[in-house]
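Residues per chain are reported as follows:
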Amino acid sequence: MSAKEGRILSLDFKLREGNPLRVKSGVLVLASFEGDGLMNIVKKVDEALGGSLSRISQEERFNGELGKCVMLNTLGRIGSDRVLLVGLGKKERFSPDVLRKAGILTAKKTKPYTGSISIGIDIGGHNGNTSALIEGFMLGSYEFDKYKTGNKKENSNRVIELFSNKIGERGFKRELEFARIISEATNFARDLVNEPPAIITPTKLADIAEEIAEKEKLGCEIFDKKDMEEMGMGALLAVSTGSDEPPKFIHLTYEPRRRPSKTVAIVGKGITFDSGGLCIKPRDNMRTMKMDMSGAAVVLAVMKAVSSLKPSVRVHGLISATENMPGGKAYKPDDIIRALNGKTIEVIDTDAEGRIVLSDALSYAVRLKVDEIVDLATLTGACMVALGGYTAGIMGNDERLINKVIKASRLAGEKVWQLPLDDELRKDIESDIADVKNVGGRWGGAITAAMFLEKFVGDTPWVHLDIAGPAFNEKGGDLYPKGATGFGVRTMIRYILD
Ligand code: BES
Ligand code: ZN
Ligand code: ZN
């Protein structure tokens, strides 16, 4: 699968100086703050259009709110065919993330129109604003339509001009490059998740990992079933037994040029399809379960991007990949499994397979003697019940590391919310006949899942991101693509760069 697939447009960003009012383009993009009236430049355009911009804003009750916009045809009264006025929300709450959202919206709203796009939003100097706006545009341009046979749009080139007198060509280039790396990585993860489960098998994930390693000069080890048996990865093996697809354990390594300042492991849940296994899911819950490898997709995307970003940390990318299927040989409720670190797991429910496959990966990360572990997993429906479809749950055994990842998520514009590892709840996963049960009681399912994982990280500082909600958006929206979102890629990149 090439990185371009799933996207039609190639985007060509240019820095322009001068007056955006004079420019000839398909769409001129302007912005206003909420309740702040029209900015100077917008006033000028409004005048040139005989006041129709303010009239249409009034008519559509547009008041500069973030996520809202109005579009109008200029009927040839200025150089551009259309004007798009996007809201930036309250002035006091302005941040690069606001520009990222404005960029996403701009890309979505201008998509149907031909011609170049001139962005006359004041982006200031070299401070991350330009990169956030471009990142937004690149993210908002994403579409997964490679399987639609009719109506193929041409592989056209779109020119986007950014007007700024402040940033300068060199600063612009740098911000453009950063935006490109981040959004290509995110869109790559989206492609992996959106592909059907018959295509993205554990073997395919391993092949893609090998391709990435070769291209980006990363270390790569793929463990197959025999290797896992020799190593004692009883947990990943157990989950794989119901499937005809062989499981894979993937280990990618990025080594910085200079002595690494620290070593981190990012670990992804790679269930390429979660049917629930013998505790099979009801039909409605089974649909979308191709997305159960979203954590793995984040790991692959970050490892693909990391060599261009050149951080000073050593990064291990680890993935436990298998299907979770019912079958004659499938693992069963009541089974007792032995994970790589020797701990035993009593299986209560075969649909709580994510934590089981992660137990081997986390044990493996501990063996690597890493300084920090972050895992990403579409782990529990309970986390979606708690936090909804836009926010990931964050939990861990080290407040410092948790805060570091929260900070990274804020910079990235991805929402996370901490849930507590509750000592009183921990007894819910105690087993009478093994070291731990794979399911707790009825309540606090996201937390008991995390406390299960905790048993396999020892003393290593560790953070768990439950991305079950934000990884996949069934409906899509103005600020979200339909389907895979690539949630986590941007947070992990910021975390690694910190
Ligand atoms: N992959 C699911 C979690 C999930 C649910 C992700 C919905 C995205 C959307 C996971 O393997 C699972 O099935 N978890 C169970 C655990 C239960 C059996 C304790 C769940 O959340 O229902
Ligand atoms: Zn499951
Ligand atoms: Zn699952």
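Here, the structure is the one placed above.
I will try to describe carefully the structure that is included in this document. The numbers attached to residues start from 1 for each chain and follow its sequence in the written order. The naming scheme follows written order: chains are lettered A onward, ligands numbered 1 onward. Reporting in this predicted model follows two pLDDT cut-offs: at least 70 for local features of residues, and 80 or more for side-chain atom pairs to be given and counted; totals over whole chains, interfaces and linings ignore these cut-offs and use all residues. The side-chain numbers reported here are obtained from all heavy atoms of the structure, hydrogens and water having been left aside.

1. Quick look at the nonpolar core
Considering soluble globular proteins, one finds that nonpolar side chains tend to be buried as a cluster. Convention followed: The definition of a nonpolar core used throughout is a set of buried Ala, Val, Leu, Ile, Met, Phe, Trp, Tyr and Cys residues joined through side-chain atoms within 4.5 Å. Relative accessibility thresholds used throughout: buried, under 20% of the residue-type maximum; exposed, over 50%; partly exposed, between the two (1.4 Å probe, protein chains only). In DSSP terms, a helix is any run of H or I states spanning at least four residues, a strand is any run of E spanning at least two, and both are numbered starting from the N terminus.
Leu300, Val315, Val405, Leu465, Met492 and Tyr495 are the most contacted members of the largest nonpolar core, which has 59 residues in total. A per-element tally of this core places helix α10 (residues 294–309) first, with 11 residues. In this structure, Ala265, Val267, Ile337 and Trp462 belong to the second largest nonpolar core, which totals 47 residues.

2. Observations concerning the layout of surface pockets
Keep this limit in mind: Both site types are read off a 1 Å grid over the protein atoms alone. A 1.4 Å probe that fits but cannot get out defines a cavity, while an open set with protein on both sides within 12 Å along at least five of seven lines defines a pocket; lining residues have an atom within 4 Å of a point. Grid points are joined across faces, edges and corners, and a volume is the space filled by probe spheres set on the points. Gly falls in the polar group here, along with every residue not listed as nonpolar (Ala, Val, Leu, Ile, Met, Phe, Trp, Tyr, Cys, Pro) or charged (Asp, Glu, Lys, Arg).
Roughly 1,000 Å³ of internal volume is contained in the largest pocket. Residue lining of the largest pocket: 42 residues in total, with Met289, Thr380, Gly381, Ala382 and Met384 positioned closest to the centre. Counting only elements with at least two residues in the lining of the largest pocket, the list comes to β9 (263–274), α9 (283–286), α11 (353–367), α12 (381–387), α14 (445–454) and β18 (472–473). Sorting elements by how many residues they give to the lining of the largest pocket places α12 first, with four residues. Considered class by class, the residues forming the lining of the largest pocket number 14 nonpolar, 15 polar and 13 charged. Lining of the second largest pocket is provided by 27 residues; of these, Lys101, Gly413, Glu414, Lys415 and Tyr480 occupy positions nearest its centre. Breaking the lining of the second largest pocket down by element, the ones donating at least two residues are α3 (96–110), α4 (129–140), α13 (399–412) and β15 (415–418). In terms of residue count, α3 provides more of the lining of the second largest pocket than any other element does, five residues in total.

3. Section: the coordination of the zinc ion (ligand 2)
Definition in use: The donor set covers N, O and S atoms within 2.8 Å of the metal, switching to 3.2 Å for Na, K and Ca, and it leaves out water, so a site may look short of donors. For a four-donor site, all angles between 85 and 135 degrees give tetrahedral; for four or six donors, opposite pairs above 155 degrees with the remaining angles between 65 and 115 give square planar or octahedral; all remaining cases count as irregular.
Those donors, Asp274 (OD), Asp351 (O), Asp351 (OD) and Glu353 (OE), are the protein atoms that reach the zinc ion (ligand 2), and they lie 2.0 to 2.2 Å from it. Coordination geometry of the zinc ion (ligand 2): the six donor atoms subtend angles of 72 to 169° at the metal centre, consistent with an arrangement described as irregular. Separating the zinc ion (ligand 2) from the zinc ion (ligand 3) is a gap of 3.2 Å, which Asp274 spans by donating to each of them. With Asp274 in strand β9 and Asp351 in the loop between β12 (344–346) and α11, this residue pair connects regions lying 77 residues apart in the sequence.

4. Some points on the side chain of Asp292
To keep things clear, this is the line we draw: Whether two residues are in contact is decided by their heavy atoms: any pair within 4.5 Å suffices.
Relative to the assigned elements, Asp292 resides in the loop between α9 and α10. Since its relative accessible area comes to 2%, Asp292 is described here as buried. Apart from residues lying up to four places away in sequence, Asp292 is in contact with Lys269, Gly270, Ile271, Asp274, Glu353 and Thr378.

5. A word on the sheet that holds strand β11 (residues 336–338)
Here is the rule: Think of it this way: DSSP has to see at least two bridges between two strands before they count as a pair.
Here we have three strands laid out as an open sheet, ordered β11-β12-β16, and mixed in their pairing. The open sheet has two edge strands, β11 and β16 (436–437), and neither has a second partner. Sheet analysis places β11 next to β12, joined by three bridges and oriented antiparallel. Residue Arg338 lies in a different strand from β12, and its bridge partner there is Thr344.

6. Focus: the pattern of salt bridges
Operational definition: By definition, a salt bridge exists where a carboxyl oxygen of Asp or Glu is found within 4 Å of a side-chain nitrogen of Lys or Arg.
For the coordinates displayed, the defined rule picks out 29 salt bridges. Salt-bridge contacts for Glu177 lead to Arg180; the nearest nitrogen and oxygen are separated by 2.9 Å. Pair noted here: Glu177 and Arg180 are both in helix α5 (residues 168–194), with a separation of three residues, about one helical turn. With its nearest N and O atoms 4.0 Å apart, the salt bridge here joins Lys226 to Glu230. Highlighted residues: Lys226 and Glu230, both in helix α7 (residues 225–231), separated by four residues, approximately one helical turn. The same class applies to Lys226 and to Glu230, which are both exposed.

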